[in-house]
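Structural overview
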Amino acid sequence: MLRILALMENSDGAPGTVAEHGLSFLVERDGRAVLFDTGKTGAFVDNARALGADLSAAEALVVSHGHYDHAGGVRAFLERTDGQGFRGPVWTGAGFFDKKWSLDPEGPRFTGVDFDPDYLAARGCAWNAVSAAPGRTARREILPGLHVVNGFPRLRPIEAGNPRFVVDRGGA
């Protein structure tokens, strides 16, 4: 059986939880769990507690992309003070650690992540990047029946990226 529990999103949820710009889900399937995204801050950890969700059951962390509102709580998840800090595989797409910016009217604003592969390694987490060749889709099974997918095509104009969001690929 598949269960997806929203731990963080933009609108108010259950009593005792908070909302913020960002996203976090606990995905459970057949007694196994994956944390998908960590929201903007570590508030998803408190929401999980309020919802009765056991984050220590997560066997993997999947972060959809390298923006603060999806990966801002990674440090909170890895450094939990209750002795349950995560020490498993972290899955992202290629380019996750590229520097990301929003070209706001007030000037450029950093929208990327505040950690790097060395930080993950120091915390005992193996970083795994799923990457697809141009024009191809990549899929990796990270737990039985749970896959991460990268490189799927954008087929409709509404799926085009926002031109104010830019990526510094380090000269690549």
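Structural data are supplied above this passage.
The following paragraphs examine the structure supplied in this document. The structure presented is a predicted model; accordingly, all values stated were derived computationally and were not measured. Positions within a chain are numbered from 1, following the residues in the order the chain's sequence is written. Note on the predicted model: pLDDT of at least 70 is required for a residue's local features to be given, and 80 or more for side-chain atom pairs to be given and counted; whole-chain, interface and lining totals, by contrast, use all residues. With hydrogens and water excluded, all non-hydrogen atoms of the structure serve as input to the side-chain values.

The next subject is the pairing of strand 9 (residues 138-143). Two strands qualify as a pair provided DSSP detects at least 2 bridges between them. Secondary structure is summarised from DSSP: a helix means a run of H or I of at least four residues, a strand means a run of E of at least two, and numbering begins at the N terminus for each. Two strands pair when backbone bridges link them, and strand 9 and strand 10 (residues 146-150) are joined in this way by five bridges, in the antiparallel orientation. Bridge pairing in strand 10 places E141 opposite H147. Hairpin geometry of strand 9 and strand 10 is characterised by an intervening segment of two residues between the two adjacent antiparallel strands and by a positive phi of about 85° at G145.

Let's shift gears to the sheet that holds strand 11 (residues 165-168). Within the open sheet, the three strands sit side by side as 7-6-11. Their pairing is antiparallel. In this open sheet, the two strands that pair with only one neighbour each are strand 7 (107-110) and strand 11. Taken over all neighbouring pairs, the strand axes of this sheet differ in orientation by 35° on average, direction set aside. Pairing between strand 6 (residues 99-104) and strand 7: four bridges, direction antiparallel. Note that in strand 7 the partner of L103 across the bridge is P108. For helices, the axis comes from a line fit to the C-alpha atoms of the stretch in contact; other axes are also lines fit to C-alpha atoms, and the angle between any two N-to-C directions lies between 0 and 180 degrees.

With respect to the secondary-structure elements, T38 resides in the loop between strand 3 (32-36) and helix 1 (43-51). For this analysis, a polar contact is any N or O atom pair within 3.5 Å, provided that within protein one partner can donate a hydrogen and the other can accept it, and provided that sequence-adjacent residues contribute only side-chain to side-chain pairs. Within polar-contact distance, the side chain of T38 engages the backbone nitrogen of V74 at 3.1 Å. Every residue pair with non-hydrogen atoms within 4.5 Å of one another is taken to be in contact. Sequence-distant contacts of T38, that is, excluding residues within four places in its chain, are made with L23, S24, F44, L61, H70, A71, G72, G73 and V74.

To qualify as a nonpolar core, a set must consist of buried Ala, Val, Leu, Ile, Met, Phe, Trp, Tyr and Cys residues joined through side-chain atoms within 4.5 Å. Exposure classes here rest on a 1.4 Å probe applied to the protein chains alone. A residue is buried below 20% of its type maximum, exposed above 50%, and partly exposed in between. Counting 28 residues, the largest nonpolar core has L7, L55, L61, F77, L78, F115 and L120 as the members making the most contacts within it. Listing elements by their share of this core, those giving two or more residues are strand 1 (2-8), strand 3, helix 1, strand 4 (58-62), helix 3 (74-78) and helix 4 (117-122). By residue number, the principal contributor to this core is helix 1, which donates four residues. If we skip the residues at most four places from it in the chain, L120 touches V74, L78, V90, F97, F115, C125 and W127. Formed by eleven residues, the second largest nonpolar core is a distinct cluster that contains V27, A60, V62 and L143.

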